[in-house]
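For reference, the chains in residue letters:
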Amino acid sequence: MQELAYFNGRFCDPAEATISINDRGFQYADSVYEVVVAFGAQPFCLAEHLARLQRSLELIDLDITPHNINFEAIVREGIERAGFDRTMIYIQVTRGVQPRAHVYADDLVPTVIATFRPKPVIDPAMRANGVSVVTVDDTRRAHCEAKATSLLPNILAIKKAKREGFHDAVFVSPSGQVREATSSNIFAVCGPALLTPARSSSILHGITRKYILQCAKRIEVPLDQSPLTVSKLESADEVFLSSSVLDILPVTRVNDKTIADGKPGPLTTRLHKCFLEGLPV
Ligand code: PDD
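Residues numbered from 1 in each chain as written. Predicted model: local features only at pLDDT ≥ 70, side-chain atom pairs only at ≥ 80, totals over all residues. Heavy atoms only, no water.

*Asks:* Mind showing me how you'd approach the environment of F44 here?
*Replies:* Inspection of the secondary structure puts F44 in the loop between strand 4 (42-43) and helix 2 (46-59). On a C-alpha basis, the gap between F44 and R117 in space is 15 Å, while along the polypeptide they are 73 residues apart. Those residues in contact with F44 that sit more than four places away from it in its chain are V36, V37, A38, F39 and H49. (Helix = DSSP H or I, 4+ residues; strand = E, 2+ residues; numbered from the N terminus. Contact = heavy atoms within 4.5 Å.)

*Asks:* How do you make sense of helix 2 when you look at a structure like this?
*Replies:* Working note: α-helix, 3.6 residues per turn, so residues spaced by three or four point in the same direction. Given a rise of 1.5 Å per residue, 14 residues ought to cover 20 Å, and the 20 Å separating the end C-alpha atoms of helix 2 matches this to within 8%. If you check which residues of helix 2 are buried, you get L46, H49, L50, L53 and L57. Around the axis of helix 2, the buried residues are gathered within 95 degrees of arc, so they sit on the same side. Turned more than 90 degrees from where helix 2 packs its buried face, A47, E48 and L59 sit exposed. Two residues or fewer past helix 2, D61 is found with a positive phi of approximately 60 degrees. (Expected span 1.5 Å × (residues − 1). Buried < 20%, exposed > 50% of the residue type's maximum accessible area, 1.4 Å probe, protein only. Arc of directions from axis to C-beta.)

*Asks:* Before we go on, may I ask you to explain the nonpolar core in this structure?
*Replies:* Within soluble globular proteins, side chains that are nonpolar generally end up buried alongside one another. Counting 31 residues, the largest nonpolar core has F71, I89, I91 and F116 as the members making the most contacts within it. At the level of elements, strand 1 (4-7), strand 3 (31-39), helix 2, helix 3 (71-82), strand 5 (86-94), strand 6 (111-118) and helix 5 (152-163) are the ones that each hand at least two residues to this core. In terms of residue count, the dominant contributor to this core is helix 3 (five residues). Both of domain 1 (4-118) and domain 2 (124-277) provide at least three residues apiece to this core. (Core = buried A, V, L, I, M, F, W, Y, C linked by side-chain atoms within 4.5 Å. Domains from an automatic or database assignment.)

*Asks:* Please explain unusual backbone geometry as it appears in this structure.
*Replies:* Trans is the prevailing form of peptide bonds, just as negative phi is the prevailing case for residues other than glycine. A positive phi angle, near 55 degrees, is found at C45, a position not held by glycine. Summarising the element assignment, C45 is placed in the loop between strand 4 and helix 2. Unusually for a residue other than glycine, A260 sits at a positive phi of about 50 degrees. The exposure class of A260 is exposed, given its relative accessible area of 52%.

*Asks:* For this particular structure, what's the right way to read the site of the ligand?
*Replies:* Neighbouring the ligand are 15 residues; E180, S183, I207, T208 and S244 lie closest to it. Separating a nitrogen atom of the ligand from a backbone N or O atom of S183 is a distance of 3.2 Å. At a separation of 2.6 Å, an oxygen atom of the ligand approaches a polar side-chain atom of S244. For the ligand, whose free accessible area comes to 480 Å², the fraction covered by protein is 86%. If you list the elements that add at least two residues to the shell around the ligand, you get helix 6 (207-218) and strand 11 (238-243). When its residues are assigned to classes, the shell around the ligand shows three nonpolar, 10 polar and two charged. (Near = heavy atom within 4 Å. Polar contact = N/O pair within 3.5 Å; in protein donor to acceptor, adjacent residues only side chain to side chain. Areas by Shrake-Rupley, 256 points an atom, 1.4 Å probe, with all protein chains shown as cover. Nonpolar A, V, L, I, M, F, W, Y, C, P; charged D, E, K, R; others polar.)

*Asks:* Would you mind going over the packing of helix 6 against helix 8 (residues 266-277) with me for this structure?
*Replies:* Angle between the axes and distance between the axes: these two values describe a pair of packed helices. Viewed as axis vectors pointing N to C, helix 6 and helix 8 meet at an angle of 105 degrees, and their least axial separation amounts to 9 Å. One finds that helix 6 runs roughly perpendicular with respect to helix 8. Contacts between helix 6 and helix 8 pair T208, Y211, I212, C215, A216 and R218 from the former with L271, C274 and F275 from the latter. Counted by class, the contact of helix 6 with helix 8 contains seven nonpolar, one polar and one charged residues. (Axes fitted to C-alpha atoms, helices over the stretch in contact; angles between N-to-C directions. Parallel < 35°, antiparallel > 145°, perpendicular 65-115°, else oblique.)

*Asks:* Please explain the sheet that holds strand 9 (residues 185-190) as it appears in this structure.
*Replies:* Sheet strands pair by backbone hydrogen bonding; their relative direction is either parallel or antiparallel. Pairing in this open sheet of four strands is antiparallel, and the strands run 10-9-11-12 from one edge to the other. Edge positions in the sheet fall to strand 10 (193-195) and strand 12 (247-251), since each has one partner strand and no second. Neighbour-to-neighbour, the strand axes of the sheet open up by a mean angle of 30 degrees, direction not taken into account. Pairing of strand 11 with strand 12, which is carried by five bridges, proceeds in the antiparallel orientation. Residue S243 lies in a different strand from strand 12, and its bridge partner there is D247. (Pairing = 2+ DSSP bridges.)

*Asks:* I tried to follow the domain arrangement of the chain on my own but got confused; where do I start?
*Replies:* Domains assigned within the chain are domain 1 (4-118) and domain 2 (124-277). Counting residues at the interface gives 17 residues for domain 1, matched by 12 residues for domain 2. Summing both sides of the interface, domain 1 and domain 2 together bury roughly 1,100 Å²; the carbon and sulfur share of this comes to 65%. Summed over the three residues of domain 1 that lose the most area to domain 2, namely H102, V103 and Y104, the buried surface amounts to 45% of that side. Remark: the boundary between domain 1 and domain 2 carries three salt bridges. Between R163 and D106 there is a salt bridge, and its shortest N-O distance comes to 3.7 Å. (Buried area = accessible area lost by both parts, 1.4 Å probe. Salt bridge = Lys/Arg side-chain N within 4 Å of Asp/Glu carboxyl O.)

Shown next as structure tokens:
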């Protein structure tokens, strides 16, 4: 008996099931999954697992109804084809294949994968003697300073922003401190000073951000080290985003507030000029 895979409509050897490098599951962790075990031909609590899968799909805004995917039929057929006494089934649904872009298209065809393997046998000594555990800080979904590919919160935030008529979304901490946009850092100009959230584990330490701070020093713009709150951002004289792709991009509206006169401000323009002057060509 061999391990079995299901890949977009057909059963195959797992070695034959390869996904595109442009699959959003690979690029952004833009996917959800479920694990079910089966005893003989009987999947255990299948309805509950499929209900949770449906809930996970809804939570990531992935509507698979147009694609008529019958997970129950896939699971039952896979168990029968694989023929194990006890089967461990992983089901994964990604948003599909799209050239890399944070904002997902609405008409993608989801990638549907399942694997059928023997359910691992838990060492009887572990059951007899018990096992040990260690407590750790819950840092799941933390460490934004790592340029990790688990960007699901980012892509959901920018999609929601687009739907609501904004260019991008800016993440704010539970205490109201501005962190960064979905794929860029953020700056505000308040009076004469430049503000940007301090380096912490809550933001990516942007290379462009660092370079802009050097430009600011060179042209003698004072820095304000105080936290950037939402109200400060909304009432700032100028706001801009920074990233390798954008370099400096002015922001003229934050929520329902127009920034100053709704046009890119003078310091943003000066900093951008200084930025461009430092480019290799
Ligand atoms: N994004 N913050 C986040 C969450 C980012 O993804 C990025 C970069 C930045 C700016 O970093 P840098 O200045 O080093 O590019 C800040 C890239 C452009 C992207 O994901 O496409």
